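# Per-entry structural report
Here's the letter readout for the chains.
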There are 2 protein chains.
Amino acid sequence: MQLCKIQQPLSRRSFVRMAGLAASLSSVGIFSESQFALAAQAAGASGQKPMSQLQMMKMMMASIPKDAVLINANENPLGPCEAARSAISSVASKGGRYDFAEMMMLMEVFGKQNNVAPEYVAVYGGSSEPLHYSVLTYSGPGHSFVAGNPTYEAGGRAAEIAKAKVIQTPLTSAYAHDVKALAAADPNAGVIYLCNPNNPTGTITSRKDILWLLDNKPKDTMLLVDEAYIHLSDAESVIDQTATRKDIIVLRTFSKIYGMAGIRCGLAVAHPDVLHKLENCGQNPMAITSCIAGRVSLEDTSLIPTRKAYIGEARTETIKFLTDNKYKVIPGSQSNCFMIDTGRNGRQVMAAMAKKKVIIGRTWSIWPNVVRISVGTKEDMAKFRTAFKEVMDAPVTASLEYPAGPTVGFAGSRLS
Amino acid sequence: MQLCKIQQPLSRRSFVRMAGLAASLSSVGIFSESQFALAAQAAGASGQKPMSQLQMMKMMMASIPKDAVLINANENPLGPCEAARSAISSVASKGGRYDFAEMMMLMEVFGKQNNVAPEYVAVYGGSSEPLHYSVLTYSGPGHSFVAGNPTYEAGGRAAEIAKAKVIQTPLTSAYAHDVKALAAADPNAGVIYLCNPNNPTGTITSRKDILWLLDNKPKDTMLLVDEAYIHLSDAESVIDQTATRKDIIVLRTFSKIYGMAGIRCGLAVAHPDVLHKLENCGQNPMAITSCIAGRVSLEDTSLIPTRKAYIGEARTETIKFLTDNKYKVIPGSQSNCFMIDTGRNGRQVMAAMAKKKVIIGRTWSIWPNVVRISVGTKEDMAKFRTAFKEVMDAPVTASLEYPAGPTVGFAGSRLS
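Keep in mind it's a predicted model, so treat the numbers as computed, not measured. (Residues numbered from 1 in each chain as written. Chains lettered and ligands numbered in written order. Predicted model: local features only at pLDDT ≥ 70, side-chain atom pairs only at ≥ 80, totals over all residues. Heavy atoms only, no water.)

## Description of the overall build of chain A
Across its full length, chain A holds 14 helices and 12 strands. Residues classed as buried in chain A amount to 64% of the 416 residues present. Here the contacts in chain A between residues at least 6 apart in sequence split such that 75% fall between residues at least 24 apart. Total accessible area computed for chain A in this model is approximately 14,500 Å², and 54% of it derives from carbon and sulfur atoms. (Helix = DSSP H or I, 4+ residues; strand = E, 2+ residues; numbered from the N terminus. Buried < 20%, exposed > 50% of the residue type's maximum accessible area, 1.4 Å probe, protein only. Contact = heavy atoms within 4.5 Å. Areas by Shrake-Rupley, 256 points an atom, 1.4 Å probe, with all protein chains shown as cover.)

## Details of helix α13 (residues 346–355) of chain B
All names here are of chain B. Among the 10 residues in α13, eight count as buried, and that is most of the element. Among all positions in α13, only Gly346, Arg347, Gln348, Val349, Met350, Ala351, Met353 and Ala354 are buried. Of the residues flanking the start of α13, the one acting as N-cap is asparagine 345, its side-chain oxygen 3.0 Å from the backbone nitrogen of arginine 347. Lysine 357, located one to two residues past α13, shows a positive phi value of around 65°. (Polar contact = N/O pair within 3.5 Å; in protein donor to acceptor, adjacent residues only side chain to side chain.)

## What to know about the relation of the copies chain A and chain B
With an RMSD of 0.0 Å, the fit of chain A onto chain B corresponds to turning through 180° and sliding 0.0 Å along the axis. What we have between these two chains is a two-fold relation. Ranked by how close their C-alpha atoms come to the rotation axis, the residues of chain A are headed by Ser89(A), at 2.1 Å. When the interface residues of chain A are mapped onto chain B, 100% of them again lie at the interface, so the same face is used by both copies. (Least-squares fit on C-alpha atoms with pLDDT ≥ 70 in both.)

## Section: the packing of helix α5 (residues 100–114) of chain B against helix α11 (residues 288–299) of chain B
Residues and elements named next belong to chain B. The contact between α5 and α11 brings their axes to 8 Å, and the two run at 25°. Classified by the angle their axes make, α5 and α11 are roughly parallel. The two elements α5 and α11 cross, and the hand of that crossing is left-handed. Facing α5, whose interface residues are Glu102, Met103, Met105, Leu106, Val109, Phe110 and Gln113, α11 presents Cys291, Ile292, Gly294, Arg295, Leu298 and Glu299. (Axes fitted to C-alpha atoms, helices over the stretch in contact; angles between N-to-C directions. Parallel < 35°, antiparallel > 145°, perpendicular 65-115°, else oblique. Left-handed = near helix turned anticlockwise from the far one by under 90°.)

## Here we look at the interface of chain A and chain B
Facing the 67 residues of chain A at the interface are 68 residues of chain B. Together, the buried faces of chain A and chain B total about 5,700 Å²; carbon and sulfur atoms form 59% of this surface. Contact with chain B buries surface across chain A, with Arg97(A), Tyr98(A) and Phe100(A) losing the most and accounting together for 14% of the total. Where chain A touches chain B, the interface holds two salt bridges. Note that Glu75(A) and Arg97(B) form a salt bridge whose closest N and O atoms lie 2.6 Å from each other. At the junction of chain A with chain B, the criterion picks out 28 residue pairs in polar contact (both at pLDDT 80 or more). Residue assignment for the side of chain A that touches chain B shows that the elements contributing at least two residues are α2 (33–46), α3 (53–63), α4 (82–91), α5 (100–114), α6 (128–138), α10 (272–279) and α11 (288–299) of chain A. (Buried area = accessible area lost by both parts, 1.4 Å probe. Salt bridge = Lys/Arg side-chain N within 4 Å of Asp/Glu carboxyl O.)

## What about the packing of aromatic side chains?
Across all of its chains, the model carries 12 aromatic pairs over all chains by this definition. Seen from their ring centres, Tyr124(B) and Tyr133(B) are 6.1 Å apart, and the 70° between their planes marks the pair as edge-to-face. Judged by its relative accessible area of 1%, Tyr133(B) falls in the buried class. Aromatic ring contacts, followed pair by pair, group Tyr327(A), Phe384(A) and Phe388(A) into a single cluster. (Phe/Tyr/Trp six-rings, centres within 6.5 Å; stacked < 30°, edge-to-face > 60°.)

## Side note on the pairing of strand β8 (residues 266–269) of chain A
Residues and elements named next belong to chain A. Side chains Gly266 and Ala268 project from β8 onto one buried face, and the interleaved Leu267 and Val269 project onto a second face that is buried too. Pairing between strand β2 (residues 121–124) and β8: four bridges, direction antiparallel. Note that in β8 the partner of valine 121 across the bridge is valine 269. (Pairing = 2+ DSSP bridges.)

## Notes on the side chain of Thr151(A)
Position of Thr151(A) among the secondary structure elements: in the loop between β3 (145–149) and α7 (154–161). Looking at Thr151(A), its side chain comes within polar contact range of the side chain of Asn198(A), at 2.6 Å.

## Things to note about the nonpolar core
As a rule of thumb, soluble globular proteins bury nonpolar side chains together. With 167 residues, the main nonpolar core has Ile360(A), Phe384(A), Ile360(B) and Phe384(B) as its most contacted residues. Counting 54 residues, the second largest nonpolar core, distinct from the first, contains Leu224(A), Val135(B), Ala158(B) and Tyr193(B). (Core = buried A, V, L, I, M, F, W, Y, C linked by side-chain atoms within 4.5 Å.)

## A look at the state of the cysteines
Residue and element names in this part refer to chain A. Tallied over the full model, the rule gives zero disulfides over all chains. Between cysteine 265, a cysteine without a disulfide, and cysteine 291, which holds the nearest cysteine sulfur, the sulfur-to-sulfur distance is 5.6 Å. The exposure class of cysteine 265 is buried, given its relative accessible area of 0%. (Disulfide = S-S within 2.5 Å.)

## What about the side chain of Gln241(B)?
Residue and element names in this part refer to chain B. With respect to the helices and strands, glutamine 241 occurs in the loop between β6 (222–226) and β7 (248–253). A residue is classified by how much of its surface remains accessible, and glutamine 241, at 14% relative accessible area, is buried. Not counting residues up to four positions away in its chain, the partners in contact with glutamine 241 are Arg207, Leu211, Leu214 and Ile248.

## Side note on unusual backbone geometry
Along the chain, Asn199(A) connects to Pro200(A) via a cis peptide bond; the corresponding omega equals 20°. By the secondary structure assignment, Pro200(A) is in the loop between β5 (191–195) and α9 (207–216). Between Asn196(B) and Pro197(B) the backbone carries a cis peptide bond, its omega angle lying at -5°. Among the structural elements, Pro197(B) can be located in the loop between β5 (191–195) and α9 (207–216). Of note in this structure, Lys163(A) is not a glycine but carries a positive phi near 60°. Tracing the chain through its elements places Lys163(A) in the loop between α7 and β4 (166–170). Overall, the relative accessible area of 63% leaves Lys163(A) in the exposed class.

## Observations regarding the packing of helix α6 (residues 128–138) of chain B against helix α10 (residues 272–279) of chain B
All names here are of chain B. With their axes 9 Å apart at the nearest point, α6 and α10 run at an angle of 95° to one another. Taken together, α6 and α10 sit at an angle that is classed as roughly perpendicular. On the side of α6, the interface is formed by Pro130, Tyr133, Ser134, Thr137 and Tyr138, while α10 contributes Val274, Lys277 and Leu278. Residues that form the contact of α6 with α10 fall into these classes: five nonpolar, two polar and one charged. (Nonpolar A, V, L, I, M, F, W, Y, C, P; charged D, E, K, R; others polar.)

## Here's the deal with the sheet that holds strand β9 (residues 328–329) of chain B
Think of a sheet as strands paired side by side through backbone hydrogen bonds, with each pair either parallel or antiparallel. Residues and elements named next belong to chain B. The strand order β9-β10-β12 describes an open sheet built from three strands, whose pairing is antiparallel. Either end of the sheet is taken by a strand with one partner, and the two such strands are β9 and β12 (370–374). Packed onto the sheet, helix α12 (residues 303–324) meets β9 and β10 (337–341) and runs at close to 10° relative to β10.

## Observations regarding the pattern of salt bridges
Residues and elements named next belong to chain A. Under the criterion given, the structure shown has 36 salt bridges over all chains. In this structure, arginine 372 engages glutamate 33 in a salt bridge whose closest nitrogen and oxygen atoms are separated by 2.5 Å. On the criterion of sequence distance, the pair formed by arginine 372 in strand β12 (residues 370–374) and glutamate 33 in helix α2 is long-range, its members being 339 residues apart. Here arginine 372 and glutamate 33 have matching classes, each one buried.

## Quick word on the sheet that holds strand β10 (residues 337–341) of chain A
Overall, antiparallel pairing links the three strands, which are arranged β9-β10-β12 (chain A) in an open sheet. A strand with exactly one partner marks an edge of an open sheet, and here the two such strands are β9 (328–329) and β12 of chain A.

## Side note on the confidence of the model for chain A
All names here are of chain A. Averaged over chain A, the pLDDT score is 87; the fraction of residues at 70 or greater is 84%. In this model, residues 1–28 is a region of pLDDT below 50 whose contacts with residues beyond four sequence positions or in other chains number 71 contacts. Among the scores for the predicted complex, ipTM is 0.88 and pTM is 0.89. (pLDDT = per-residue confidence, 0-100.)

Below you can see the structure in the form of structure tokens.
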């Protein structure tokens, strides 16, 4: 099943307005999931004036009611596990010291669980930094950045900063990354970025396909595999490949299944020589709160199965409702997000949903009618279902102009 | 008074060994105070083998007894204030969400207290990142990095990565930065770095001198003023200059007087256009623990006077003891560190002190006989005084070789 082929024509006036929004948003630093979500939220209210990040934040806060359902940033509403919360509280008093011991313990526990040597693990405050640094390091003029479409936008932003050409290859008909197209995109590719499960579609690329890509991509190209969402799915990791190759970096984060987006902890796994190169871009002592919360989360053996099941049920229930009601869902998500082809301008749907206090995710310019939905609590998703049906039952607005007042919208990822 | 003119000759064997250590340490990422302190600690035990950061950390942990006095990394033994500890505990449960509201509140409270608009404030996980990013952005081939000597080494490391020439100018006879020499060092300087109070000497450069430097440096040179230690001293900030100029960046951190080195929070203050340029190097959503702890620390009006007095007393007591006992202290420190000219090889003194379970700070290669002492608690400093007198009362070891067993030492900053 291929969806999303119909694109609504844009009036000239709205096109100009959207272009203005895209330009103003591109002038602020947007490199992480939270910032993309924020930008999508703020754009509608911005007009065409350039905005500072502070203005963008203020705009978002003004436009989101305090009791809104937030299913726009692939956050985990369950938050840190109990052990992580306790650990953060108990370690706070030790905060006067730089503490390498906690970071080492995190590296070692992660290494042991994933059968990689701890020297192959670098700890960061989330995975945004190593993603950005990897692209700055390995792509540039003459060494393009290659990625699927749609996919998570941060790598493309970094590539623009690195002055690398951005090449995007459509997903397959099963919404997997098209590894043949990625491998063939550019013989001088600097970086091939592959997010598995993919953000925003939640769809899986098989380990077999990724191993094929490793063996068939240009030799000097770095494969950057973003496994931020892997524990929410049945996808198989390729982290073991780092043991024998210097052309792969695997990213992990504690922001998703571990519910620590606001605590900031993530990992890059690669050969030590590769990790060392990334250090040139920046390297920061880690917060003890992040390290200890990450480690005790890894040690909580019930966390992954329990949360995977809960989020899976919330996703499945919601998708069943949507398909029962004949809405078109992009199939195959195993993650905490999925996409709906609304058959109308996605930004309008976002705005209409926001009026009902349900903040949904953004659109990607390759699919302007398709919105991303993050999976919240079962209660969040019940509110989403009610609001979505009401919005979709209402007639399509003739104009594509933004409604008056605080609205949402984003002219699309700059990756396209 | 000019100290430190006597340098001990090195035997060839020890020179080769030290060169090996310097080379092996330069192959790992060392960009922050904690990492420089760690490297100094680990170097003695490393032999000449290249080390991964993990190996370096393991070595340090093995070489430092658990009950050692740690006065080697300019940490604040008082740790986060009570309000910050409580705030960290109470906010942990909200850690599932990216939270821009806490970051905004920090920017606004800091802005209000310092009379700068919040758009001029960027929040980072400490000041290491904006220091590194500033040097990567504004120095490079043909645009040198200019700094005093001795001074904090991180900027020089970043300059090497940026392939910028590093130019160092000696301090004045009063151990202030020599602003005339800094201004004249290179008409094409990319960055002039000025740490005030200076790390490692704790000495002050007057606001008048810094304003003179701003007006007399090459027009396109960025002045990077590191005010990490300013609240421990009577030095006057130049943060107000950011309001009217695009050629100054001021760094602040919560790692020093606020006691949050392990919590990670810092700020860059500059014109929004400048802050935006730094974003290209990397930009990470902030931890809510860092933001809330930073904000409530700012709001604790008793924190600065109480801690400044306590650390000042501990410093004054210790320096009085040292001068009473005829040891040569570099005069003028108003910070949580000061330096002693030991009249013998500083690395040997470090090693001898470590044997007495007092871990002191490193040497700078311009002054190989001079060690940096961080100011710990009054109890820490009492233990330091006893151990230091014992070490100095013992005869100078004839050879410069490291003693057997876990020792300390670092062949010096690569800035020299």
